[in-house]
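# Observations on chain architecture
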2 protein chains.
Amino acid sequence: MPAYTRLDVDERRRRLLDLGAQLFTTHAYDELSMAGIARAAGISKGLLYHYFPSKQAFFAATLRDAAGELERLVQPDPLLPPAERLAASLDAYLGWVEENAGAYARLMRSVPAIPDVREVVDRVRDATARTILDGLHPEGPPPPGLRTAVRAWLWFADGAILDWLEHRDLARDELRDLLMRALWGAITPAP
Amino acid sequence: MPAYTRLDVDERRRRLLDLGAQLFTTHAYDELSMAGIARAAGISKGLLYHYFPSKQAFFAATLRDAAGELERLVQPDPLLPPAERLAASLDAYLGWVEENAGAYARLMRSVPAIPDVREVVDRVRDATARTILDGLHPEGPPPPGLRTAVRAWLWFADGAILDWLEHRDLARDELRDLLMRALWGAITPAP
């Protein structure tokens with residue numbers, strides 16, 4: 001029996017990403033080493049480095065993968081009216097967070113220390129802000145107040161979700177409604 | 001002439017904190033060393049370590065000092081009605097941020113990587129949340145939805161301020177009004 005299984009490059013990458021998602025959500029970032037990850041994957045360290053040049057790059061790749069999955073999940077149905085579209089996306093997002101609560105909290109705490117990771121999170125935030133702004137203001141670039149409101153609201157959502165995960169004393173629907181009220185409040189123009 | 005000036009302990013500490021505030025806002029954290037700081041202060045490295053056991057502890061002490069100053073600055077006048085009280089505190093806060101824009105942005109980006117610093121920022125956030133919640137709900141602990149809303153709104157404020165500092169295309173009053181509308185939206189109970 002050969003020690004290493006021969007796998008197609010894409011398939012190996014796919015399996016490494018799945019393993020990475022599992023390892024990074026059950027261990028602290030600093031606890032993991034490329035040697036340990038290779039061992040868990042049953043491949044040589046050299047082969048792991050062939051796929052990912054560093055632990056940071058590997059972590060960022062697993063995050064990008066999860067972010068892509070999440071993006072598909074919260075893709076709004078363009079046939080719904082705006083408020084229902086947002087409610088549906090928020091339901092999908094909060095459902096995902098609830099299923100991945102430990103990973104989410106760990107990520108939010110660790111993000112800013114790792115440049116590659118911050119970049120993924122910033123990119124997801126930018127894309128989400130653009131989607132919401134396109135829905136609210138389809139014609140041309142949004143006015144500054146609207147842009148600031150939507151971008152700040154994404155911070156609001158992160159803060160609200162962390163508070164929710166810490167206390168667990170709000171129903172998921174209540175949290176969703178709170179998030180929607182905050183957004184409407186922020187985007188309503190000054191009288 | 002003696003190389004080191006003899007100073008009273010409190011006075012020396014005070015001067016070191018002022019120097020630290022200046023150094024940490026004009027240099028990246030990683031650029032500074034305890035040796036370099038001692039040199040800039042005109043004292044021995046040993047004496048600097050006598051006041052602060054590590055660079056992290058020194059940085060955290062300068063932050064705690066600035067946080068104390070900021071807290072006095074935004075102390076609400078208890079005689080004002082709640083909305084005006086919040087507006088006055090926000091004006092003071094945004095004025096301080098505007099004067100210390102570079103330091104604020106640097107801090108917000110670097111915070112989470114340094115445990116001592118995260119602790120100071122978390123403490124300021126907790127104290128601010130408590131002050132607002134006491135004003136909104138003086139009798140007993142706030143309901144979970146209100147607590148989550150106020151805590152998340154502090155994240156909103158950080159996000160809005162960073163966006164404002166980056167683009168500078170909103171007047172300070174517009175930003176203040178946006179912050180207030182977002183808070184009212186978030187704390188208004190569901191119909």
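Numbers given to residues run from 1 along each chain, matching the order in which its sequence is written. To read the labels, note that chains go from A and ligands from 1, taken in the order they are written. Confidence filtering applies because this is a predicted model: local features only for residues at pLDDT of at least 70, side-chain atom pairs given and counted only at 80 or more, and all residues used for totals across whole chains, interfaces and linings. With hydrogens and water stripped out, all remaining heavy atoms of the structure feed into the side-chain values.

### Side note on the interface of chain B and chain A
- Counting from both sides, the interface comprises 33 residues of chain B and, opposite them, 33 residues of chain A.
- For the pair chain B and chain A, the summed buried surface comes to about 2,600 Å²; carbon and sulfur atoms form 65% of the total.
- In this description, buried area is defined as the sum, over both parts, of the accessible area (probe of 1.4 Å) that is lost when the two are combined. A per-residue breakdown of the area chain B buries against chain A is headed by B:W155, B:F156 and B:R181, which together make up 23% of the total.
- In the sections that follow, a salt bridge refers to a side-chain nitrogen of Lys or Arg positioned within 4 Å of a carboxyl oxygen of Asp or Glu. Here B:D169 and A:R147 are joined by a salt bridge, their closest N and O atoms 2.9 Å apart.
- Definition of a polar contact: a pair of N or O atoms within 3.5 Å, with one able to donate and the other able to accept a hydrogen when the atoms are protein atoms, and with sequence-neighbouring residues admitted only if both atoms are side-chain atoms. At the surface where chain B touches chain A, the tally comes to 12 residue pairs in polar contact (both at pLDDT 80 or more).
- For the side of chain B that touches chain A, the secondary structure elements donating two or more residues are α6 (101-110), α7 (115-136), α8 (144-167) and α9 (172-187) of chain B.
- Top element by residues in the side of chain B that touches chain A is α8(B). It accounts for 16 residues. Contacts are assigned to residue pairs with any non-hydrogen atoms lying within 4.5 Å of each other. A run of H or I in DSSP becomes a helix once it reaches four residues, and a run of E becomes a strand once it reaches two; helices and strands are each numbered from the N terminus.

### Points about the environment of A:L175
- Counting through the fold element by element, A:L175 comes out in helix α9 (residues 172-187).
- Note: C-alpha distance between A:L175 and A:D8 (167 residues apart in sequence) is 44 Å.
- Among residues more than four places away in sequence, those in contact with A:L175 are A:L94, A:A160, A:I161, A:W164, A:L170 and B:T148.

### Comments concerning the packing of helix α8 (residues 144-167) of chain A against α8(B)
- The convention used is that axes are lines fitted to C-alpha atoms, helices contributing only their stretch in contact, and that angles between N-to-C directions extend from 0 to 180 degrees. Following both chains from N to C, one finds α8(A) and α8(B) inclined at 145°, their axes separated by 7 Å at the closest point. The interaxial crossing formed by α8(A) with α8(B) has right-handed handedness.
- Looking at the contact of α8(A) with α8(B), its residues break down into 14 nonpolar, 6 polar and 8 charged. Here a crossing is called left-handed whenever its near helix is offset anticlockwise from the far helix by less than a right angle, and right-handed whenever the offset is clockwise. Amino acid classes used here: Ala, Val, Leu, Ile, Met, Phe, Trp, Tyr, Cys and Pro are nonpolar; Asp, Glu, Lys and Arg are charged; the rest, including Gly, are polar.

### Considering the packing of helix α5 (residues 82-99) of chain B against α9(B)
Residues and elements named next belong to chain B.
- The contact between α5 and α9 brings their axes to 10 Å, and the two run at 135°. Taken as axis vectors, α5 and α9 run oblique relative to one another. As α5 packs across α9, the resulting crossing turns out to be right-handed. Residues A83, L86, A87, L90, D91, L94, G95 and E98 of α5 pack against R172, D173, L175, R176, L179, M180, L183 and W184 of α9. Note on terminology: angles under 35 degrees are roughly parallel, angles over 145 are roughly antiparallel, angles of 65 to 115 are roughly perpendicular, and the others are oblique.

### Focus: the environment of B:E31
Residues and elements named next belong to chain B.
- Tracing the chain through its elements places E31 in the loop between α1 (9-26) and α2 (34-41).
- Take E31: its relative accessible area is 57%, and that puts it in the exposed class.
- Residues E31 and P53 lie 22 residues apart in sequence; the distance between their C-alpha atoms is 18 Å. Burial here depends on accessible area, computed with a 1.4 Å probe over protein chains only, as a share of the maximum for the residue type. Under 20% is buried, over 50% is exposed, and the range in between is partly exposed.

### Considering the pattern of salt bridges
- In this structure the tally under the stated criterion is 24 salt bridges over all chains.
- Between A:R176 and A:D177 there is a salt bridge, with its nearest N and O atoms 3.2 Å apart.
- Note on A:R176: relative accessible area 16%, which makes it buried.
- When salt bridges that share partners are traced, they join A:D126, A:R147, A:R151, B:D163 and B:D169 into one network.

### Concerning the relation of the copies chain B and chain A
- Once chain B has been moved 0.1 Å along the axis and rotated by 180°, it coincides with chain A to within an RMSD of 0.0 Å. Interpreted geometrically, this transformation is the action of a two-fold axis.
- Residue by residue, 100% of the interface of chain B is reproduced at the interface of chain A, so both copies engage with the same surface. In superposing the copies, a least-squares fit is computed on C-alpha atoms, taking residues whose pLDDT is at least 70 in both.

### So, the confidence of the model for chain A
Residues and elements named next belong to chain A.
- When pLDDT is averaged along chain A, the result is 87, and 93% of the positions lie at 70 or above.
- The predictor attaches a confidence to each residue, called pLDDT, with possible values from 0 through 100. In the model of chain A, helix α6 (residues 101-110) stands out as the element of lowest mean pLDDT, 75, in contrast to helix α2 (residues 34-41), which has the highest, 96.
- The ipTM for the predicted assembly is 0.81, set against a pTM of 0.82.

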